[in-house]
Amino acid sequence: MLTLILKGLLMGLAIAAPVGPMALLCLKLSLEKGIKSGIVAGLGIAMADMTYGLVALLGFSAVMTVLLDYNETIRLIGGIGLLGLASHTLFQAQKSKKTATPKPHAPRIASKDLIVTYTTAYGLTITNPMTILVFLAIFAGLGDEISHEGKWIVAAGIFMGSLGWWIIIACIGNILRARLSPNIIATINIISGIIIGGFGIYILST
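Think of each chain on its own: its residues are numbered from 1, step by step along the sequence as written. For this predicted model, a pLDDT threshold of at least 70 governs which residues receive local features, and a threshold of 80 or more governs which side-chain atom pairs are given and counted, while totals over whole chains, interfaces and linings are taken from all residues. Excluded from the side-chain calculation are hydrogens and water; included are all heavy atoms of the structure.

A. Geometry of the overall build of the protein chain. What counts as a helix is a DSSP run of H or I of at least four residues, what counts as a strand is a run of E of at least two, and both are numbered from the N terminus. Secondary structure assignment for the protein chain yields 9 helices and 0 strands. Each helix (α) and strand (β) of the protein chain, taken in turn from the N terminus, gives the series α-α-α-α-α-α-α-α-α. Residue exposure (1.4 Å probe, protein chains only): buried if accessible area is under 20% of the type maximum, exposed if over 50%, otherwise partly exposed. For the protein chain, buried positions account for 42% of its 206 residues. Taking as baseline every contact in the protein chain between residues at least 6 positions apart, the subset at least 24 positions apart corresponds to 92%. Here the protein chain has roughly 10700 Å² of accessible surface; of this, 70% comes from carbon and sulfur atoms. In what follows, a contact means two residues having at least one pair of non-hydrogen atoms within 4.5 Å. Accessible surface area values rest on a Shrake-Rupley calculation with a 1.4 Å probe, where residue burial reflects the displayed protein chains alone.

As structure tokens, then:
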């Protein structure tokens, strides 16, 4: 069991660690709203990773076939979603530069805002075509080597490994939030928005 958990943890870290739009989203939210928003975003991303992990591990070939058949549609949704996130990020960053200096403590976040953060992170991850391809590559031929119960253990490990990484990113963002000036944070968010938009354009154009 321990071996399967470790295998899942390593897979989760390998999937989450590469720098991409989701890492920028998690960092951006932590800088803007504090560690809670960053962790909730990470929870949504980790749940999406586990969803694809279960689909691949349990051998739902029909589901994977449908996902690949509708890859163009998924790519369109994911690309537009990233462009929307980029626009929102740039708008909020420009707005924050014009407003008064915010308090150093994280603002109170309403439950509905956390739900929106979770669903946005989950939706953007699940519609990222690269996520599908990464899981296909990692789990190619792996499903037959593990028992049914073992597959659920590996999937749980993927979730924990992925979530652990996003908690680290959220903590880094929260530490930077306490040490950087609002103008610097706004500048970082502008850069993040531009990069996220670049990812969206890349997804739509390839």
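B. Structural detail: the nonpolar core. Note on terminology: a nonpolar core comprises buried Ala, Val, Leu, Ile, Met, Phe, Trp, Tyr and Cys residues joined through side-chain atoms within 4.5 Å. Counting 19 residues, the largest nonpolar core has Met-22, Leu-25, Leu-82, Leu-124, Trp-166 and Ile-196 as its most contacted members. Secondary structure elements with two or more residues in this core: helix 2 (21–33), helix 3 (35–57), helix 5 (71–98), helix 6 (111–126), helix 8 (148–179) and helix 9 (182–205). Apart from the residues within four sequence positions on either side, Leu-124 is in contact with Met-22, Leu-25, Gly-78, Gly-81, Leu-82 and Leu-85. Of all hydrophobic cores here, the second largest spans 13 residues; its members include Met-11, Leu-54, Leu-57 and Val-154.

C. Focus on helix 2. Taking 1.5 Å as the rise per residue, helix 2 with 13 residues should run 18 Å; its terminal C-alpha atoms sit 18 Å apart, in good agreement. Those residues of helix 2 lying buried are Pro-21, Met-22, Ala-23, Leu-24, Leu-25, Cys-26, Lys-28, Leu-29, Ser-30 and Leu-31. The positive-phi residue at the C-terminal boundary of helix 2 is Gly-34, with phi of around 105°. Helix span, expected: 1.5 Å multiplied by one less than the number of residues in the helix.

D. Looking closely at a nonpolar patch on the surface. Residues enter patches when their relative accessible area tops 30% and they take part in no salt bridge; the joining distance is 9 Å for like charges and 5 Å for the nonpolar side chains Val, Leu, Ile, Met, Phe, Trp and Tyr. Salt bridges are defined by distance alone: a side-chain nitrogen of Lys or Arg within 4 Å of a carboxyl oxygen of Asp or Glu. A cluster of nonpolar side chains, Leu-76, Ile-80 and Leu-204, forms an exposed patch at the surface whose accessible area comes to about 260 Å². Owing to a relative accessible area of 48%, Ile-80 belongs among the partly exposed residues under this scheme.

E. Geometry of the packing of helix 2 against helix 9. Note on method: axes are straight lines fitted to C-alpha atoms, helices fitted across the in-contact stretch only, with angles between N-to-C directions ranging 0 to 180 degrees. Running from N to C, helix 2 and helix 9 cross one another at 155°; their axes reach a closest spacing of 10 Å. Here helix 2 lies roughly antiparallel to helix 9, going by the angle between them. Our pair here, helix 2 against helix 9, has a crossing hand that is left-handed. Between helix 2, through Pro-21, Leu-24, Leu-25, Lys-28, Leu-31 and Glu-32, and helix 9, the contact on the second element is made entirely by Ile-185, Ile-188, Asn-189, Ser-192, Ile-195, Ile-196 and Phe-199. Here the term charged refers only to Asp, Glu, Lys and Arg, the term nonpolar to Ala, Val, Leu, Ile, Met, Phe, Trp, Tyr, Cys and Pro, and the term polar to all other amino acids, Gly among them. Looking at side-chain class alone, the contact of helix 2 with helix 9 contains 9 nonpolar, 2 polar and 2 charged residues. Between 65 and 115 degrees an angle is taken as roughly perpendicular, under 35 as roughly parallel, over 145 as roughly antiparallel, and anywhere else as oblique. Each crossing gets its handedness from the near helix: less than a right angle anticlockwise from the far helix is left-handed, clockwise is right-handed.

F. Highlighting the environment of Gly-173. Secondary-structure assignment places Gly-173 in helix 8. Between the C-alpha atoms of Gly-173 and Ile-185, which are 12 residues apart in sequence, the distance is 9.9 Å. If we ignore the near neighbours within four places in the chain, the residues touching Gly-173 are Leu-27, Ser-30 and Leu-31.

G. Looking closely at the packing of aromatic side chains. A pair of Phe, Tyr and Trp rings is counted when the ring centres sit within 6.5 Å of each other, with Trp represented by its six-membered ring. The angle between the planes then sorts it: under 30 degrees is stacked, over 60 is edge-to-face, the rest tilted. Tallied over the full model, the rule gives 1 aromatic pair. Between Tyr-118 and Tyr-122 the ring centres are 6.4 Å apart and the planes differ by 20°, which places this aromatic pair in the stacked class. A residue pair is termed a helical-turn pair when its members lie 3 or 4 positions apart in one helix, as Tyr-118 and Tyr-122 do in helix 6 at 4 residues. For Tyr-122, a relative accessible area of 25% gives the class partly exposed.

H. Region of interest: the side chain of Asn-189. As for its placement among the helices and strands, Asn-189 is situated in helix 9. Under the relative-accessibility criterion, Asn-189 is labelled buried at 2%. What qualifies as a polar contact is a pair of N or O atoms within 3.5 Å, subject to a donor-acceptor requirement within protein and to the restriction that residues adjacent in sequence count only when both atoms come from side chains. In terms of polar contacts, Asn-189 uses its side chain to reach the side chain of Glu-32, at 3.4 Å. Not counting residues within four places of it along the chain, the set of residues in contact with Asn-189 comprises Lys-28, Leu-31, Glu-32, Thr-89 and Ala-93.

Don't take any of this as a statement about function, it's just geometry.
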